[in-house]
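Structural overview
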Amino acid sequence: MPDKSIHIVVLLREVCDPRPPVRLTADGFGVRDRGLRRIANPADLSALEQALQFAAAKQGTVTALTIGPRRTEDLLRQAIAIGAQRAIRVWDTALVGGDCSADARLLARLMEILKPDFFFTGNRLIDQGAAPVPALAASKLGIPYVTAVLSVAMQDGEIEVLRKCDRGARQRVGIKPPCTLLVEDSSCEPRYPHKDTLLPSLQAPIEQWGIPELGLPFSELGSFGSRLGKERCSFPRKNPRRVVTPDANLPAFERILALLSGGIKPREGKLSALSAAETADKMMAIFQAEGLFGGAES
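Residues numbered from 1 in each chain as written. Predicted model: local features only at pLDDT ≥ 70, side-chain atom pairs only at ≥ 80, totals over all residues. Heavy atoms only, no water.

This brings us to the sheet that holds strand 13 (residues 170-175). In space, the nine strands of this open sheet follow the order 13-12-11-14-8-1-6-7-15, with mixed pairing throughout. Two strands in the sheet have a free side with no partner beyond their single neighbour: strand 13 and strand 15 (207-209). Ignoring which end each strand starts from, the neighbouring axes of this sheet average 30 degrees apart. Sheet analysis places strand 1 (residues 7-11) next to strand 8 (residues 118-122), joined by three bridges and oriented parallel. Among the inter-strand pairings, Val-9 is bridged to a residue of strand 8, identified as Phe-119. Of the strands in this sheet, strand 1, strand 6 (61-67), strand 8, strand 11 (145-155), strand 12 (158-164) and strand 14 (179-183) touch helix 1 (residues 42-57), which is tilted by about 150 degrees from strand 8. (Pairing = 2+ DSSP bridges. Helix = DSSP H or I, 4+ residues; strand = E, 2+ residues; numbered from the N terminus. Axes fitted to C-alpha atoms, helices over the stretch in contact; angles between N-to-C directions. Contact = heavy atoms within 4.5 Å.)

A word on the pattern of salt bridges. The tally for this structure, following the rule as stated, stands at ten salt bridges. Linking Glu-207 and Arg-86 is a salt bridge whose minimum nitrogen-to-oxygen distance equals 2.7 Å. Placement of the pair is Glu-207 in strand 15 and Arg-86 in strand 7 (residues 86-90), with a sequence separation of 121 residues. For Arg-86, a relative accessible area of 30% gives the class partly exposed. For Arg-172, the salt bridge is made with Glu-160, and the minimal N-O distance between the two is 3.2 Å. A residue pair is termed long-range when its members are at least 10 positions apart, and Arg-172 in strand 13 and Glu-160 in strand 12 qualify at twelve residues. Residue classification places Arg-172 among the exposed positions, given a relative accessible area of 58%. Residue Glu-160 is classed as partly exposed on the basis of its relative accessible area of 26%. (Salt bridge = Lys/Arg side-chain N within 4 Å of Asp/Glu carboxyl O. Buried < 20%, exposed > 50% of the residue type's maximum accessible area, 1.4 Å probe, protein only.)

Purely geometric stuff here, so don't read any function into it on its own.
What follows is the structure in structure tokens.
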């Protein structure tokens, strides 16, 4: 890697706190629902800590990035308080309703504009699980990405990444920038802001980016750029069929199943343990019996 100041971009995302959103009342005899709490994704905070440590060792700069409404500025100010040099918030109402493909297109465009040497973010979202958008954006740009990252270091002028594998194994991967690193939540403990940086972070400038700064057409953003369309919600049956009263002599469990099935008798299931060739022949016979394939075997 050439001897120059590296540029790191960290994507911070807000998630819904999976803990029960309730609080005990003052008298202790009831609960009060306070709605879903929104917090910073823990894996993204670990990615920010990894980026700050790596940037401090290599005299680099860290840019914190969020995609969301104004409340996500709290994440950016937290990042500034613990060491980020730049903060950018991207948002427009046209970004609402996008699927993974539309979000990946947006993130890839941001990476094209910012041109980071390293793009850090969390490997998973605490409320949704796997997050494919950063990997899809890296694939769209044709740059490498590493999942389940535990640590990043430079050995003999090359970047070495330690990642988590199945069954507790560890793997060391050599990679060259530009690249995307998806960090595990358990990789490190995020630092706390210092008291001397909290107040300046509240006054720190945050860049606001919209559609003009992105340079993308509306047809590629949000619900307009989604590959998977959303259909209207409707009742499955406008005219429900009358359910025949089950036989009273049947066991209770079978009567309940008869009611839940809507009077439709389920097809009989069969379980066979055969070899691969026998299984193929058996499946072909079933398909022919069902009329899926016409004629005899060829």
